[in-house]
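# Observations on the model geometry
As a plain string of letters, each chain reads:
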Amino acid sequence: MFDEPDPSGAAGEQRALIARLRAVIEAKDAELAALRVGFAAVRADLEAERELRRRLELRVAELERRLCMDSSDSGTPPSKEQIGARERRRAERRGRDASERERRKDRKPGGQPGHPGKGLSRDPDPDERREADPPAQCRQCGAGLAEAARAGSSWAQVWDVKIIRHVMEYLLPGLRCPCCGTVTTAAPPHGAHAGSVSYGPLLNTAAILLTGYGNVPPERAARVIGMLLRMPVSAGFVDKAGARLDGKLQDAGFDEAMRAALEKEPVLAADETPSTC
């Protein structure tokens with residue numbers, strides 16, 4: 001007789017095999033989890049290295065930019081700039097001088113043909129025309145030109161300004177009330193004060209431009225206004241010109257309007273300076 005297979009023994013072997021397979025799978029899962037954790041740590045380290053490299057590149061770029069700066073493109077006075085910057089500027093100047101000395105013999109000085117130029121253009125309606133004295137002798141042979149016939153004319157135009165003092169006096173009429181007899185006097189225009197002399201808007205503008213835009217001290221700005229505009233203003237007037245302008249801007253709501261305009265911009269507090277921190 002043949003032996004019959006034992007069903008209970010085969011089932012036990014299968015359960016044991018399944019258990020071993022589950023153990024292998026669990027071990028692989030644990031290994032994969034450890035690999036994922038390690039991979040995340042490596043990725044974080046790489047991101048940190050990339051960020052550090054980016055900041056170092058920005059710092060190097062800023063340092064290189066500062067090294068290339070000199071008194072011509074920064075606020076550093078020539079006496080305090082680095083020796084290398086001065087030597088580099090001298091070398092560039094020598095190079096430009098050499099290139100100018102090596103100019104072709106057939107090249108004329110000044111702007112070349114086709115260059116648009118940036119000179120003044122002739123005003124077709126000048127404020128004044130004045131005829132110059134005619135030439136006294138021929139530029140070729142030196143003969144006298146007292147009896148010579150006219151042969152056309154040329155022109156030369158000069159642009160300049162005339163600075164004159166302009167005094168405006170406002171008459172402020174007063175009216176007596178028919179009911180109570182009170183006299184009400186007309187108010188002077190903005191910037192003027194009844195019974196006193198004031199400087200006008202153009203002088204205030206000159207003071208603001210010199211001190212605010214030109215960074216000129218008030219005392220020197222007052223002297224410049226006196227020399228150029230022939231108006232003896234004081235340093236106190238120049239110093240208070242900016243405060244007067246600020247008051248007018250505040251009354252007009254300038255700060256609120258500027259804040260509202262900035263809030264509508266897509267980017268704020270951004271400039272061309274690379275970040276080094």
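Let me sum up the structure you'll find in this document.

What counts, and at which threshold
- Residues numbered from 1 in each chain as written.
- Predicted model: local features only at pLDDT ≥ 70, side-chain atom pairs only at ≥ 80, totals over all residues.
- Heavy atoms only, no water.
- Helix = DSSP H or I, 4+ residues; strand = E, 2+ residues; numbered from the N terminus.
- Buried < 20%, exposed > 50% of the residue type's maximum accessible area, 1.4 Å probe, protein only.
- Contact = heavy atoms within 4.5 Å.
- Areas by Shrake-Rupley, 256 points an atom, 1.4 Å probe, with all protein chains shown as cover.
- Salt bridge = Lys/Arg side-chain N within 4 Å of Asp/Glu carboxyl O.
- Expected span 1.5 Å × (residues − 1).
- Arc of directions from axis to C-beta.
- Core = buried A, V, L, I, M, F, W, Y, C linked by side-chain atoms within 4.5 Å.
- Phe/Tyr/Trp six-rings, centres within 6.5 Å; stacked < 30°, edge-to-face > 60°.
- Lys NZ or Arg CZ within 6 Å of the ring centre and 35° of its normal.
- Patch = residues over 30% accessible without salt bridge, like charges linked within 9 Å, V, L, I, M, F, W, Y side chains within 5 Å.
- Polar contact = N/O pair within 3.5 Å; in protein donor to acceptor, adjacent residues only side chain to side chain.
- Axes fitted to C-alpha atoms, helices over the stretch in contact; angles between N-to-C directions.
- Parallel < 35°, antiparallel > 145°, perpendicular 65-115°, else oblique.
- Nonpolar A, V, L, I, M, F, W, Y, C, P; charged D, E, K, R; others polar.

### Some thoughts on the overall build of the protein chain
Looking only at helices and strands, the protein chain has 6 helices and 2 strands in total. Ordering the α and β elements of the protein chain from the N terminus gives α-α-β-β-α-α-α-α. Looking at the protein chain residue by residue over its 277 residues, the buried ones come to 6%. Within the protein chain, contacts between residues separated by at least 24 positions form 36% of all contacts whose residues are at least 6 apart in sequence. Taken as a whole, the protein chain presents about 25100 Å² of accessible surface, with 57% of it coming from carbon and sulfur.

### A word on the pattern of salt bridges
Summed over all chains, the structure comprises 6 salt bridges. Here R50 makes a salt bridge to E47, at a shortest N to O gap of 3.3 Å. In this pair, R50 and E47 both sit in helix α1 (residues 7-68), 3 residues apart, roughly one turn of the helix. According to the relative accessible area criterion, E47 is partly exposed, its value standing at 44%. Connected through salt bridges with shared partners, the residues E51, R54 and R55 form a single ionic network.

### Considering helix α3 (residues 201-213)
For α3, with 13 residues, the first-to-last C-alpha span of 17 Å sits near the 18 Å given by 1.5 Å per residue. Here α3 has its buried residues at L203, N204, A206 and A207. Down the axis of α3, the sector holding all buried residues measures 160 degrees, keeping them to one side. Opposite its buried face, α3 presents the exposed residues P201, L202, L209, G212 and Y213, each directed more than 90 degrees away. Backbone geometry just downstream of α3 places N215 in the positive-phi region, at approximately 55 degrees.

### So, the nonpolar core
Residues L203, A206, A207, V216, A221, A222, I225, M231, V233, F237, V238 and A241 constitute the largest nonpolar core, which totals 12 residues. Elements with a minimum of two residues in this core: α3, α4 (218-229) and α5 (235-251). With sequence-adjacent residues up to four places away left out, V233 is seen in contact with Y199, A222, I225 and V238.

### Focus: the packing of aromatic side chains
Two descriptors summarise a pair of aromatic rings, namely the distance from one centre to the other and the angle between the planes of the rings. Within the structure shown, the criterion is met by 1 aromatic pair. Considering the side-chain rings of Y199 and F237, the 4.7 Å spacing of their centres and the 55 degrees angle between planes classify their relative orientation as tilted. Taken together, the residues Y199 in the loop between β2 (183-185) and α3 and F237 in helix α5 connect sequence positions 38 residues apart. Overall, the relative accessible area of 11% leaves F237 in the buried class. When the ring centre of W155 is taken as reference, the NZ or CZ atom of R122 above it lies at 4.1 Å.

### Examining a nonpolar patch on the surface
A contiguous nonpolar patch, built from L245, L249, F254, M258 and L262 and spanning about 380 Å² of accessible area, is present on the exposed surface. Listing elements by their share of the nonpolar patch, those giving two or more residues are α5 and α6 (254-263). Of all the elements, α6 adds the most residues to the nonpolar patch, at 3 residues. Structurally, the position occupied by L245 is in helix α5. In this structure L245 comes out as partly exposed when scored by relative accessible area, which is 33%.

### A closer look at the environment of E131
Along the chain, E131 falls in the loop between α2 (83-101) and β1 (174-176). Separated by 3.4 Å, the side chains of E131 and R150 make a polar contact.

### Considering unusual backbone geometry
Unusually for a residue other than glycine, N215 sits at a positive phi of about 55 degrees. The topology assignment puts N215 in the loop between α3 and α4. On the basis of relative accessibility, which here comes to 66%, the residue N215 falls in the exposed class. The phi angle at R230 is positive, at roughly 60 degrees, despite the residue not being glycine.

### A short note on the packing of α4 against α5
Interaxial distance between α4 and α5 falls to 8 Å at its minimum, and their mutual angle equals 110 degrees. Judged on the interaxial angle alone, α5 and α4 are roughly perpendicular. Contacts between α4 and α5 involve P218, E219, A221, A222 and I225 from the former and A235, V238 and D239 from the latter. When grouped by side-chain class, the residues that make up the contact of α4 with α5 number 6 nonpolar, no polar and 2 charged.

Without other data, these values stay purely geometric and don't point to any function.
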